[in-house]
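Listed below, chain by chain, are the residues.
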Amino acid sequence: MKDKAIGALAGLCAGALALPAAADEIKVGLLLPYSGVYAALGNDIEAGFRLGLAAFADETEARFAIVREDTEVKPPVGLAKARKLVLDDQVDVIAGVVSSGVLGAIRDFVHNSGVPLIVANAGNDEATGEQCSPFITRMSFSNRQVNRPMGEWLHAQGVQKVYTIAPDYAAGRQMIGAFVDGFTAAGGEVVGQEFTPFQTTQDFGPYLAKARASGAEAVYAFFAGGEAISFVKQYDSFGLKEAMPLYGAGFLTSPLYVEAEGPAAEGVIAALHYVPTIENAANAAFVAAFQAETGRVPSEYAVQGYDAARALVQATATGAADRASLAQALAKVSFEGPRGPTAIDPATNNIVQPIYVYETVAGETGLTQKVLAQLPAEADPANGCTLSATN
Amino acid sequence: MFHLSPLRLGTLALLFAGALFSAFASGYAGLEILTEILILAILVIALDMVAGFGGMVSLCHGALMGAGAYAFAMAGMSLGLPVWAAMLFAVLFTGAVGWIIGAICAGSHGIYFIMVTLAFGQMGYALVFESPFFGGDDGLAGLARPDLSALGIDLNRSRAFALYCLAALVLVALAAAQILRSGLGRALVGIRDNERRMRALGLTVWRTKAHLFGLSGMIAGLAGVLAAQHVMYISPGLMAWTVSGEALVVVILGGLGTFVGPILGAAAFVVLRHEIGALTPYWHLVVGLILIAVVMSRANGLFGFVEGRLARLAARRTAKADAPHREPRDA
Amino acid sequence: MDFGFWLFQTLNALQLSMLLFLLSVGLTVIFGLMHFVNLAHGALYAVGAYVAATVAGMVGYWAGLLVAPLIVAELGLLLYWLLIRRMRQSGPMAQVLVTFGLIFVLLDLTRIIWGDIALGIEVPDLLSGRIEIGGVTYPVYRLFIIALGAAIFAALALVLAHTQIGAMIRAGVDNDQMAACLGINVERLFLLVFCIGCALAGLAGAVAAPVLSVTPDMGLKILIPTLIVVVIGGLGSLWGAMAGSLIFGFVQTFGAVLMPGLASVLIYALLAAVLILRPAGLFPARG
């Protein structure tokens, strides 16, 4: 109460001096997991987001206030927190959402209440496909976007037969499905597929033996977090890496946990929308700032938070200040960021960005990412999204 | 033996008044918390029935609640039943599942009973988690709330939904009290206190246990239906064994076998979690410590503590009042 | 899918079984003696893995393997004096709930101390690489896990069957009051067994760390398989823990190979069958 009174008083004084600045405070709800299996991701995204707001502060008149809520990676909790942010805290915009499950749970609510949501991770294709919404803008990636071009690239490298493996849940199936699309369209053959029980599989040994017996030239995998660490280590320990090289969606060897994978990750080639070794000025500035702040190399999660903040800044710079105008402005964002040319596709509100093929290699101070190829940015097909008709 | 003492009735009335007041007085977040409390209260009444009055400490009530939620969702989505029919189906289905589990586990006691129910709960969880039919880890969205527009009520509004849950809680509490007061409920308490004697009296023990577990399952199923309608989305997380563990915690926190205590415990637990959760992402740590402290204190939860104190006070007073009459008689 | 393939999968199954054995043996013997199910056993395993990862990072793998069980045993000692000793007279529900609370306390403590980012340790040079057996090349480290589990099983079986302390423990499992009357310091026996059980959980964590990832939730993940092993084998029995571990390991591994998607449902179905046909498990400690 007292704080509010002081705040109001300060607001009055500030108002007397510089009217527009005080009026333009944008309330941002950060909806991220701070406990549960994705807590590390949530913390990285928030660090990136705060860095982004600070870095681009002078591009806009608006000032930002952040309210953070923990989804605990549980869809019902995520929805309850989203409702609280919108109805109680009256936020102007929500940013975050790591798990596709949470996104699925809050999608209708966000859409119906007309609050702009900047997705900073969750990559399920429907969110910018048949489930798309003028209020949902994705600054992270879509499962299809990351994997399909990798299928074409891998075939172009002369690989004819692959075996795929991923956890058995929607994201795992979408990532592998998109890769298989690209790979078979280019003329490759998938000789076997395995979907392992999500988050309960600790020993991949049984599956790896099947992969070896399949007669494939290479394995394409998607795992994230703890599962990625176990998988990459066990893949190496069975000596499979020499026999059949490991390729995958880049989360497999994310900078966030590649140190835990150690030498087992060396030589793994994967595709992702960001690695910290991309060479451009924006990325150099970002990496330096992130390292100064946290002492760590930024991960793809951090850059998603950073770019989400930058998109928000750019949207407010157009003069948008309320929910409706912010949603509209967010769909038109584009900039040269750490990931290279980054823009929102107005047909789906999904991000359009180049995809980087990188190899994990030993560097001077531990493992690092060597970019092998930059695949051109491709907009996802609308897949039932009718935004372009309404826009 | 179960009876609604004046203290219990009074507390129930107070709780009801409090819920009603906050339903009208609170803002959005308050209503959300209130609804959460009401649904949890229904679940813990179900659990207290079997654990408190029957001595059957179940670690599968979270899974039963989840079974109710999934049955409701599937009845609506796959069978195409209207909302009310789907609700009824879900309650009956969960009751049947509860009855079967109760019948199978009737022979187990103590820690074995806990382990067996945990196993059944995990079985259900694995089934839902790994089968694409139930949406797997991604869950199912787009669940419907009942349409009360004929009565001029829009259940899509938070306040109306909270009152709807409150009405359900009142009905459940009345039904549970009735069950516990009935011959079945008395037989159950008898089994808890001395199973061999009840058997000698000619009671088919397993059947009594199965019936009560089935009824408890129906109530847990209703909690699941309400939870599904509240969030309008379900995922296997609802069935994880930790949910069952938390429900047990709430029962203990409020007072095992006191009927009123667990409802109080539900309110305390949800409020506590929100308050601590707002302060630190490490709220599990604090809640865990509080839980350990409550269990170790040996008081029977919040309500059991008050009840015990008042009973002792009353006993002392009667002892004092009786004293003058007794002395001459003894002499 | 030739002979080599099946041999390979058999080794995988054995490796998983032995890891589970290290965890379940502590849990089950503590139960047999003290009638106490410690749900926080998995959390102790996670602490063991974290300690091993930290020490291995500073000194080396072998130091980690040695220190982790000691630290976890110390932690067990602390828990015993603070909580478990006082809970001895309480019912099973109170005990289950105290250790349930402990799970969350330990989980968040590991998060506070070691953070949310996963850790990993490397296999030591001595155990890295692969060797050829029966026509398959198999990682040495996994063979080491199998050998370690078998060795610990043999040692425990020997101690239980042929030493005085083993006889005391058997007497305590049979009837602790009678054992106390015979002049056995039951309370001290409990403490000893509890600490050894905790040390084995810590050892399991240290052994698992190079194969798996070290994350805060690893204890919660392993708890349910461990409980299944213990319940199938029969609470309180060393042989039961071994039998349960082998059953779990083989069903899980071959289930994953032969009918993927049904592996865990298979386990639970098996568990239900055992519970219905032999409620006390396959090898109950007492008639």
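Heads up: the structure comes first, above all this text.
In short, a report on the structure. All figures in this text were calculated on a predicted structure; none of them were measured in a lab. (Residues numbered from 1 in each chain as written. Chains lettered and ligands numbered in written order. Predicted model: local features only at pLDDT ≥ 70, side-chain atom pairs only at ≥ 80, totals over all residues. Heavy atoms only, no water.)

## Quick notes on the environment of I45 of chain B
All names here are of chain B. Relative to the assigned elements, I45 resides in helix 2 (residues 28-51). Among the residues examined, I45 registers a relative accessible area of 3% and is labelled buried. In this structure the C-alpha to C-alpha distance between I45 and G183, which are 138 residues apart in sequence, comes to 19 Å. Look past the residues within four positions of I45 in its chain and what remains in contact with it is L169, V172, A173, A176 and I263. (Helix = DSSP H or I, 4+ residues; strand = E, 2+ residues; numbered from the N terminus. Buried < 20%, exposed > 50% of the residue type's maximum accessible area, 1.4 Å probe, protein only. Contact = heavy atoms within 4.5 Å.)

## As for the sheet that holds strand 5 (residues 136-138) of chain A
Residues and elements named next belong to chain A. Pairing is parallel across the open sheet formed by five strands, whose spatial order is 2-1-3-4-5. A strand with exactly one partner marks an edge of an open sheet, and here the two such strands are strand 2 (63-70) and strand 5. Across the sheet, the mean angle from the axis of one strand to that of its neighbour is 25°, orientation sign disregarded. When strand 1 (residues 25-32) meets strand 2, the two strands line up parallel, connected through eight bridges. Pairing of G29 across the sheet is with V67, part of strand 2. Helix 4 (residues 75-88) rests against strand 1, strand 2 and strand 3 (93-96) of the sheet, and its axis sits at about 150° to strand 2. (Pairing = 2+ DSSP bridges. Axes fitted to C-alpha atoms, helices over the stretch in contact; angles between N-to-C directions.)

## Concerning the sheet that holds strand 10 (residues 269-272) of chain A
Residues and elements named next belong to chain A. Ordered in space as 7-6-8-9-10-14-15, the seven strands form an open sheet in which the pairing is mixed. Each having just a single partner strand, strand 7 (189-196) and strand 15 (366-375) make up the two edges of the open sheet. Across this sheet, the average inter-strand angle for adjacent strands is 25°, counted without regard to direction. Strands in contact with helix 7 (residues 170-185) are strand 6 (161-167), strand 7, strand 8 (218-221) and strand 9 (246-249); relative to strand 6, the strand with the most contacts, it is inclined by about 165°. On the sheet, helix 8 (residues 205-213) packs against strand 6, strand 7 and strand 8 and is oriented at approximately 165° with respect to strand 6.

## Considerations on the interface of chain C and chain B
Counting residues at the interface gives 40 residues for chain C, matched by 35 residues for chain B. For the pair chain C and chain B, the two sides together bury roughly 3,400 Å², of which 83% comes from carbon and sulfur. In this assembly, chain C and chain B are joined by zero salt bridges. There are three residue pairs in polar contact (both at pLDDT 80 or more) connecting chain C and chain B. Looking at the side of chain C that touches chain B, the elements that each hand over two or more residues are helix 3 (61-87), helix 4 (92-114), helix 9 (218-233) and helix 11 (263-277) of chain C. The class makeup of the residues in the side of chain C that touches chain B is 33 nonpolar, four polar and three charged. (Buried area = accessible area lost by both parts, 1.4 Å probe. Salt bridge = Lys/Arg side-chain N within 4 Å of Asp/Glu carboxyl O. Polar contact = N/O pair within 3.5 Å; in protein donor to acceptor, adjacent residues only side chain to side chain. Nonpolar A, V, L, I, M, F, W, Y, C, P; charged D, E, K, R; others polar.)

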